[in-house]
Amino acid sequence: MDKSWMHSDRRSKAYEFGVEAFLNFAVENLLTTTHIRCPCVKCVNLKLFGVGIIRDHVYFNGIDQSYKNWTFHGEPWEATTNASRNVEEDDGHSKYSFVSEEIDMDDNDFGDFGSDPYEFANVIGDRDQPVYPGCRKYTKLSALVKLYNLKAKHGMSDVCFTELLILQGDLLPEGNTIPTSMYEAKKTLCALGLSYEKMHACPNDRILYRKEYEDSTNCPTCGISRWKEGKDSILKEGVPAKVVWYFPPILRFKRMFQSHETAKTLTWHAARKSIDGQMSHPADSPSWKLLDDKWLEFGNEPRNLRLALSSDEFNPHSSLSSRYSCWPVILVTYNLPPWLCMKRKFMMLTLLISGPKQPGNDIDVYLEPLIDDLKSLWVGIRGVYDAHNEEYFTLRAALMWTINDFPAYGNLSGCVVKGYKACPICGDDTPSHRLKNGHKICYIGHRKWLPINHPYRRQRAAFNGKPEYGIPPEPLTGEEVLHMVENGDRVCWKKKSIFFDLEYWKYLPVRHALDVMHIEKNVCDSIIGTLLEIPGKNKDGIAARLDLLNMGVKTDLQPEYGERRTRLPPGPWNLSRAEKREVCNSFYGMKVPEGYSSNIKNLVSSRFKTSWP
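Calculation notes
- Residues numbered from 1 in each chain as written.
- Predicted model: local features only at pLDDT ≥ 70, side-chain atom pairs only at ≥ 80, totals over all residues.
- Heavy atoms only, no water.
- Helix = DSSP H or I, 4+ residues; strand = E, 2+ residues; numbered from the N terminus.
- Buried < 20%, exposed > 50% of the residue type's maximum accessible area, 1.4 Å probe, protein only.
- Areas by Shrake-Rupley, 256 points an atom, 1.4 Å probe, with all protein chains shown as cover.
- Phe/Tyr/Trp six-rings, centres within 6.5 Å; stacked < 30°, edge-to-face > 60°.
- Lys NZ or Arg CZ within 6 Å of the ring centre and 35° of its normal.
- Salt bridge = Lys/Arg side-chain N within 4 Å of Asp/Glu carboxyl O.
- Axes fitted to C-alpha atoms, helices over the stretch in contact; angles between N-to-C directions.
- Left-handed = near helix turned anticlockwise from the far one by under 90°.
- Contact = heavy atoms within 4.5 Å.
- Nonpolar A, V, L, I, M, F, W, Y, C, P; charged D, E, K, R; others polar.
- Core = buried A, V, L, I, M, F, W, Y, C linked by side-chain atoms within 4.5 Å.
- Pairing = 2+ DSSP bridges.

- Looking at an unreviewed UniProt entry, one finds the chain named Transposase-associated domain-containing protein and attributed to Prunus dulcis.

Printed below as a string of structure tokens:
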């Protein structure tokens, strides 16, 4: 078919006739007029629209001129051989044929860009190919990744990024390998297995439009429409009201074992020798040992993965938008050494849940595709190639626990984390007390977790005026929790967590862990705010002093009411101006190891350092 019209002026008749011929060709070969990939410069075959919308896009945005082989619109793939591929063939089989044949990969494993079995081999070659002849600092792949990171970091549009690539190609010497369009760049990166799925969701967090609900237009639970409602209250059919991004982890686990060095480090835990009896790695934990002992076949294969899941809310727009919530769901691989398992490049993003409000307890709805993949990983993924041992094996994986702050702990576990029964361990026997003036609930039975002879247990005035002789309760096992939620216990549990769908979950001794650094940061903020009397951060005030008086604790610190103002007697925590100045000086001169924390010196005002107001 003649494709010269793609380079013609969009106002010419040749371009008009070419567009119509292209659309007719796509409809005849794909037998559909509703789900066709749009080849315009902005969409670059990543979005699906009807014929009418695609016609408008191609006219207004222009067609991607690098899209020479119309494989997404019915044209067969033309396998070409050239010197740049550097692929040797023997008896019709490539040395990289394991990518598509031996490992049982299907077309979806290569992302959205066709089923070319040489794509991954090309990426491997791009890793060592210089960005231009004689360049030693950057390869084609590393340069492309750097540029794409800039695009994501600064919110660059696809059109702007395409023009930047063209400019880069013109600035670099002849023979450079910089892609000339956004389409080519995404095609290269998607061959790495970095594909994602956009799933439509109910705006009320009731269902994901997948499996039996894939073709539904209304939520079967709440009845709300799947499509977005415009300002004129008219539904925009085809525009989803809410979208969730899912990044399948299985293919990325396969990619990890295709790297010789990474595959070697994934069995580090089996070679280490722990002789001091201390817990220096999750391999020393009871959960790890339970998986090894209860499922011997799983434990005997050191390449089987142990995972942790972490999620929390953050606002990427900072204070610019208060009506936005984003929940990333991240997997951590514990097979790696402790100095690698928490590195950014080994922390795997699997879900991105965004919207005007947080999902709350309905987060289980969005975790469904991830739980399905975790079930498949527990059964086993056959034919995974281990580049270190140069063999194929069946990969299995188990989720050991989740790591969150306390509110997210409640959303994922289904446990009540607010109110009078907010302790996951104490349950119905939580020692809680509501402050009359502060209007908050405090928990005053924490001393029972101290050793039985600890002096704090006998102190009265420093706490609630009473000694503490209680003993800490035993945490509930997973089987006990499952029995309680299945039998309708709604005092301390709000729901049955979706993690109980995993066969092994109820047997794990620790299923949910608290992010200690997150909690320490919040506690530190409150302590520093109170010591330095920072407005808005100070926890000491009239209401706090009155609550102490009501509890019979530190009655000498009660407020002193005067004619014009109320005076608070200084407490042991109140610092003088000289002491506050010393605290600021210590922060100003603090030095920490690289990567340990942010530069604290930048957070202290030099005015406060020299003279406290």
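There is more to say after this.
### A closer look at the overall build of the chain
So, point 1. Tallying secondary structure elements over the chain gives 18 helices and 19 strands in all.
So, point 2. Within the span of the chain, comprising 613 residues, buried residues form 40% of the whole.
So, point 3. Carbon and sulfur atoms make up 53% of the accessible area of the chain, which totals about 34,900 Å².

### As for the packing of aromatic side chains
So, point 1. With the rule as written, the count across this model stands at 20 aromatic pairs.
So, point 2. Considering the side-chain rings of Trp268 and Trp339, the 5.6 Å spacing of their centres and the 80 degrees angle between planes classify their relative orientation as edge-to-face. Of this pair, Trp268 sits in helix 9 (residues 268-271) while Trp339 is found in the loop between strand 10 (325-333) and strand 11 (347-355), placing the two residues 71 residues apart along the sequence.
So, point 3. A residue is classified by how much of its surface remains accessible, and Trp339, at 52% relative accessible area, is exposed.
So, point 4. Their ring planes at 90 degrees and their centres at 5.3 Å tell us that Trp295 and Trp378 sit as a pair that is edge-to-face. Here the residue Trp295 occupies a position in the loop between helix 10 (286-294) and helix 11 (296-299), and Trp378 occupies one in helix 12 (residues 363-379), the gap between them amounting to 83 residues.
So, point 5. Since its relative accessible area comes to 6%, Trp378 is described here as buried.
So, point 6. Members of the aromatic cluster, joined through ring pairs, are Trp5, Tyr15, Phe22, Phe25, Tyr59 and Trp70.
So, point 7. A cation over an aromatic ring shows up here: Lys3 above the ring of Trp70, its NZ or CZ 4.7 Å from the ring centre.
So, point 8. Cation over ring: Arg396 sits above Trp378, and NZ or CZ is 4.6 Å from the ring centre.

### Regarding the pattern of salt bridges
Side chains bearing opposite charge may pair, as long as their charged atoms lie close to each other.
So, point 1. This model, assessed by the stated rule, comprises 21 salt bridges.
So, point 2. Across the pair Asp386 and Arg303 runs a salt bridge, and its minimum N-O distance is 2.8 Å. Here Asp386 is found in strand 12 (residues 381-386), whereas its partner Arg303 is found in the loop between helix 11 and strand 9 (305-311), with 83 residues between them in sequence. Of the two residues examined, Asp386 and Arg303, each falls in the buried class.

### What about the packing of helix 1 (residues 13-30) against helix 2 (residues 51-60)?
So, point 1. As a packed pair, helix 1 and helix 2 sit with axes 11 Å apart at the nearest point and diverge in direction by 145 degrees. As helix 1 packs across helix 2, the resulting crossing turns out to be right-handed. Across from Tyr15, Glu16, Val19, Glu20, Leu23 and Val27 in helix 1, the residues of helix 2 making contact are Val51, Ile54, Arg55, Val58 and Tyr59.
So, point 2. Of the residues contributing to the contact of helix 1 with helix 2, the split by class is eight nonpolar, no polar and three charged.

### Re the nonpolar core
So, point 1. Ranked by internal contacts, the top residues of the largest apolar core, which has 68 residues, are Phe253, Tyr334, Leu367, Leu370, Leu399, Phe499 and Tyr504.
So, point 2. Ranked by residues supplied to this core, first place goes to helix 12 with nine residues.
So, point 3. What Leu399 contacts, discounting residues up to four positions off in sequence, is Leu307, Ala308, Leu309, Leu331, Leu374, Phe499, Leu502, Tyr504, Trp505 and Leu508.
So, point 4. Membership of the second largest hydrophobic core comes to 33 residues, among which are Phe25, Ala26, Cys40 and Leu165.

### A word on the sheet that holds strand 10
So, point 1. Read across the sheet, seven strands follow the order 5-8-11-10-9-14-17 without closing on themselves; strand pairing throughout is mixed. The open sheet terminates on both sides in strands that have one partner only, identified here as strand 5 (197-200) and strand 17 (512-514). Shown here is a sheet whose adjacent strand axes are inclined to one another by a mean of 20 degrees, direction ignored.
So, point 2. Where strand 10 and strand 11 come together, eight bridges link them in antiparallel fashion. Looking at strand 11, one finds that Cys326 is bridged to Ser354.

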